[in-house]
Amino acid sequence: MRLDTKYLDTFISRSELRMIEEEAKEAHLSLENGTCPSADFLGWLHLPSSTKDAELKRIERIAKEIRKTSSVFIVIGIGGSYLGSRAALEFLSPGYAEDGPCKIYFAGNSIDPLYLSNLINKIKDKDITVNVISKSGTTIEPATAFRIIRDKVLKKRYSSQELKKRIIFTTTKGKGALSNMAKRGGYRCFYIPEDVGGRFSVLTPVGLLPMAVAGIDIKAVIKGAASIEAKSKTPSLETNLSYRYACLRNLLYRNGKKIEIACSFHTDLHYLLEWWKQLFAESEGKDGKGLFPATAIFSTDLHANGQLIQQGERNIFETFLCIKKKEADLKLGHDKDNIDKLNYISGKGLDLINKMAYKGTVLAHKDGNVPNMSITIDERSAFCLGELIYFFQRAVALSGLLLGINPFDQPGVQAYKDNMFRLLGRK
């Protein structure tokens, strides 16, 4: 991984960076020593290096069984319980949901009746396995989706004995609604460590089982994450790129940049950016503080909000996510009539044109007084995915502590739920 910050030089001084590095050292110690707020939710911190091979083998074994017995695999969850695995599938297996031998669909991430109705129609007469992901088992979006799919599809098609093979829970061990349901129904379970919060759970069975069903090498994902974990043992901003990123974004925030746009010129990174958005928004948006995380896929969104970025209010900075290795290419042919005026790029590939669009954009936005930095990975691989996941997890933890908030709780999420429950008549 590389972090290119050359377009921040005119926005952040060396003295500011030295000052915040001292703050980062203190925050790093509080993470490692377990003295930071909500220290009982630090199980993700050394999860990559402590993940047991036996657990990965069990996940791979059950994933292989699912692919053999099912043509549809439904992942039911919301927030951190689904965004990570969906991001991984889009990143490593684009189109898998439509083209894979075991199609993967996601449910329980909204309460939209049309979406669920259409999904139920799609899976008619298909062999199905369902993975319900929830620590409590009572979160309304996945709980309602599971009850409807169970009653309208699964129970009508399978015996109670067969359902034991086709319903898998990923939940808290020994407590919560799903754990109780599994005990009564004899369903198989994977367990989420109690000290790992939902948005930090993608490297647990929450994300690893759907990845494995899609044929992703989950051992390589864990190895990639472990490589960044090893580099995070020191708070030095020279060697710890996740801390450097966290410190730079905090300095930009202190200097009046209130919105971070995470963007890429790779369309299949959309859900990875959405996962990033949830991770940072839920971790940092507290006590009247926090950068607003937005996402964009360029060049598409340059035709939507590019004008605002270039010349709107100067409260924005950008973080570009790039892939070094050429993945595919299509060359432009020569047209003797040249009506579209494109012969000046005939013989050139779309990969080169896309890269030049990226370079032109970062230069234009820098000239428009929009700070930007770029994170580049070598290739689209399971190892690099693991690197990115842990990079951002470590970064948001430090970033939240630098803000002076608790990055591991989410008290504000309950407010809408309480109102919804009251309006629905829950007592």
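Keep in mind that this is a model prediction, so the values were computed, not measured.

A. Region of interest: the overall build of the protein. Secondary structure assignment for the protein yields 17 helices and 10 strands. Its C-alpha atoms give the protein a radius of gyration of 23 Å, near enough to 22 Å, the size a compact globule of 427 residues would have. Overall, the protein is about 65 × 65 × 45 Å in size when its C-alpha atoms are taken along their principal axes. The buried share among the 427 residues of the protein stands at 52%. Expressed as a percentage of contacts within the protein between residues at least 6 apart in sequence, the contacts between residues at least 24 apart total 78%. Total accessible area on the protein stands at roughly 19,800 Å², and carbon and sulfur atoms take up 52% of it.

B. Quick peek at the nonpolar core. One finds Trp275 and Phe392 to be the most contacted residues of the largest nonpolar core, which totals 95 residues. For Phe392, the contacting residues outside a window of four places in its chain are Tyr245, Trp275, Trp276, Leu279, Phe280 and Ile375. Counting residues in hydrophobic clusters, the runner-up holds 25 residues, among them Ile74, Leu119, Ile149 and Phe169.

C. A look at the packing of helix H4 (residues 83–92) against helix H10 (residues 205–213). Axis separation between H4 and H10 bottoms out at 8 Å; the angle between their running directions is 30°. You can see that H4 and H10 cross each other, and the crossing is right-handed. From H4, Ser85, Ala88 and Leu89 reach across to H10, where they touch Val206, Gly207, Pro210 and Met211. Here the contact of H4 with H10 is built from residues that sort into 5 nonpolar, 2 polar and no charged.

Calculation notes
Residues numbered from 1 in each chain as written. Predicted model: local features only at pLDDT ≥ 70, side-chain atom pairs only at ≥ 80, totals over all residues. Heavy atoms only, no water. Helix = DSSP H or I, 4+ residues; strand = E, 2+ residues; numbered from the N terminus. Rg over C-alpha atoms; globule rule 2.2 N^0.38 Å. Buried < 20%, exposed > 50% of the residue type's maximum accessible area, 1.4 Å probe, protein only. Contact = heavy atoms within 4.5 Å. Areas by Shrake-Rupley, 256 points an atom, 1.4 Å probe, with all protein chains shown as cover. Core = buried A, V, L, I, M, F, W, Y, C linked by side-chain atoms within 4.5 Å. Axes fitted to C-alpha atoms, helices over the stretch in contact; angles between N-to-C directions. Left-handed = near helix turned anticlockwise from the far one by under 90°. Nonpolar A, V, L, I, M, F, W, Y, C, P; charged D, E, K, R; others polar.

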